[in-house]
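Fold and geometry: a report
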Amino acid sequence: MHNHCINQLLNLEGVIVKKIIHADSFVKIYLETKPSQQICPHCGASTKKIHDYRSQTIKDLPLQLKHCYLVLRKRRYTCSCGKHFYEKYSFLPRYFQRTSRLTAFLADSLHKNQSIKEFSLSANVSPSTVHRILDTVSYSRRRFPEVLSIDEFKGNADTGKYQCILTDPIKHRILDILPNRTQGHLAVYFSSVPKTERYRVKYFVCDMWTPYTELAKIYFPHAKIIIDKYHFIRQVTWAIEGVRKRLQRSMPSSLQKYYKKSKRLILTRYQKLNEENKKTCDLMLLYNDDLRKAHFLKEKFYDICQDHKYSRQRKDFFDWIKAAETSGLAEFEKCARTYRNWAEEILHAFKYPHITNEPTEGFNNKIKVLKRA
């Protein structure tokens, strides 16, 4: 009864627990099995003749917050055909030094927002072992939903600097991860998807990378292309930062350092600043007309983005482009040209504000955490 209870606790069938040794950082459990009739893997004959015994130390799931080792007394049988072979164990795959359930635990841990190095240390295996397990994980591609999001992340695959991720941003699901983001590779991938499945995609969300939109028009002709808000709003941020940096070059060194350290006051929404910071921001803007004009354009564009009435957003958006084009600021003129080129896709982002790339960016962040050293 005693050994049966231990077996139930360890969830190991057909083994006899001989002894357990506890140390500060690990637990060692000594196991053996009863002799039984075996089938020779070489000739198929049955045998019970034992050739010898050998001990093998096997890594198992952590036990009581300690590394766990199973010390198994392995029995080797001999057959009349002259071949020797080891007994088979349900919990230990052939040629492995870790249990099947430890492998399953490691594969499941890949879902957690934790680096490979961190959970490999907690499971008492090397990061390279986790990478090998990751290579064995396979899954089938999910059907494309009505809303399809695409983005890239910087990886370490041999196929290229960037890998590509496809997600369902509404249901927060990863659909597939592709080894690179080149237009040719994506074209081959999308062409392999049945036309009926591609044609049911109603919204295609991406950043301002031309190959994505070109592919969307070819392979998802019924989809409205939406540029993620983050990617077009940052154009304004880059523009006002360009104005600030340009002006700093003509300032005395003391002012250069001050404007650089206080750039947050210029970039933050004016209405979100407290009274003291508003006064400081006002003084900074008084220094130069260009900076004051850039700040006004930045605030105006943010107002457009936060408006909830699409018809007003559309009108104000084109009015803003005209104002930026005639502002005399090269940085905002460039931003206005970009917005004119992407006007349709940006307006779709205003019209369908609930469809963004935020879930996709969240998955990208998890991938970065996972591969962090």
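Every value quoted in this text rests on a predicted model; they were computed, and no experiment measured them. Counting restarts for each chain: residues are numbered from 1 in the order of the written sequence. Selection of residues for local features in this predicted model requires a pLDDT of at least 70, selection of side-chain atom pairs for listing and counting requires 80 or more, and totals for whole chains, interfaces and linings are taken over all residues. Think of the side-chain values as coming from all heavy atoms in the structure, minus any hydrogens and water.

1. Thoughts on the overall build of the protein chain
Heads up, the rule is: The secondary structure listing takes helices from DSSP runs of H or I that are at least 4 residues long and strands from runs of E that are at least 2 residues long, numbered from the N terminus. Each residue is placed in one exposure class: buried if its accessible area under a 1.4 Å probe, protein chains only, is under 20% of its type's maximum, exposed if it is over 50%, and partly exposed if it falls in between. Any two residues whose heavy atoms approach within 4.5 Å are treated as being in contact. Here the accessible surface of atoms and residues is derived via Shrake-Rupley with a 1.4 Å probe, and residues count as covered only by protein chains that are part of the display. The positive count covers Lys and Arg only, the negative count covers Asp and Glu only, and His and the chain ends enter neither. Lysine's charge is taken at NZ, arginine's at CZ, aspartate's at CG and glutamate's at CD.
Counting secondary structure elements, the protein chain contains 16 helices and 12 strands. Seen through its C-alpha atoms, the protein chain measures out along the principal axes to roughly 95 × 55 × 35 Å. Relative to its full complement of 373 residues, the protein chain shows a buried share of 45%. Once local pairs closer than 6 in sequence are excluded, the contacts in the protein chain between residues at least 24 apart make up 55%. Of the roughly 21,300 Å² of accessible surface on the protein chain, 51% is carried by carbon and sulfur atoms. A gap of 7 Å separates the mean positions of the 67 positive and 37 negative side-chain charges of the protein chain.

2. Section: the sheet that holds strand S9 (residues 162-168)
For clarity, the cut-off: By definition, two strands form a pair when at least two bridges between them are found by DSSP. To define axes, lines are fitted to C-alpha atoms, for helices over the stretch in contact only, and angles between the resulting N-to-C directions are given on a 0 to 180 degree scale.
As summarised here, the arrangement of the 5 strands in space is S10-S9-S8-S11-S12, forming an open sheet in which the pairing is mixed. Looking at strand neighbours, the two that pair on one side only are strand S10 (173-178) and strand S12 (224-227), the edges of this open sheet. Averaged over neighbouring strand pairs, the angle between their axes works out to 25° when direction is ignored. Those strands touched by helix H5 (residues 183-191) are strand S8 (147-154), S9 and S10, and its axis lies near 125° from that of S10.

3. A short note on helix H13 (residues 310-325)
This is how the line gets drawn: By this rule the span expected of a helix is its residue count minus one, scaled by 1.5 Å. The arc in question is traced by the directions running from the helix axis to the C-beta atoms.
With 16 residues, H13 should cover 22 Å at 1.5 Å per step; its first-to-last C-alpha distance of 23 Å lies within 8% of that length. Of all the positions in H13, only Gln313, Asp316, Phe317, Trp320, Ile321 and Ala324 are classed as buried. Along the axis of H13, the buried positions cluster into a sector of 145°, meaning they face one direction only. Looking at the buried residues of H13, the elements they touch are helix H8 (229-248), helix H12 (289-306), helix H14 (330-341) and helix H15 (343-351).

4. Some points on the nonpolar core
The test is simple: Each nonpolar core is a collection of buried residues, namely Ala, Val, Leu, Ile, Met, Phe, Trp, Tyr and Cys, held together in the definition by side-chain atoms within 4.5 Å.
Counting residues in each nonpolar core, the largest one holds 67 residues, and the members touching the most others are Phe144, Phe190, Phe232, Phe301, Trp320, Phe332 and Tyr339. Contact partners of Trp320, with chain neighbours within four places excluded, come to Val236, Leu297, Lys300, Phe301, Ile304, Phe332, Cys335 and Tyr339.

5. Side note on unusual backbone geometry
Despite not being glycine, Gln64 has its phi angle at roughly 55°, a positive value. Structurally, the position occupied by Gln64 is in the loop between strand S5 (50-63) and strand S6 (66-78). Positioned with a positive phi, His172 is a non-glycine residue whose angle comes to about 55°. Residue placement: His172 occurs in the loop between S9 and S10.

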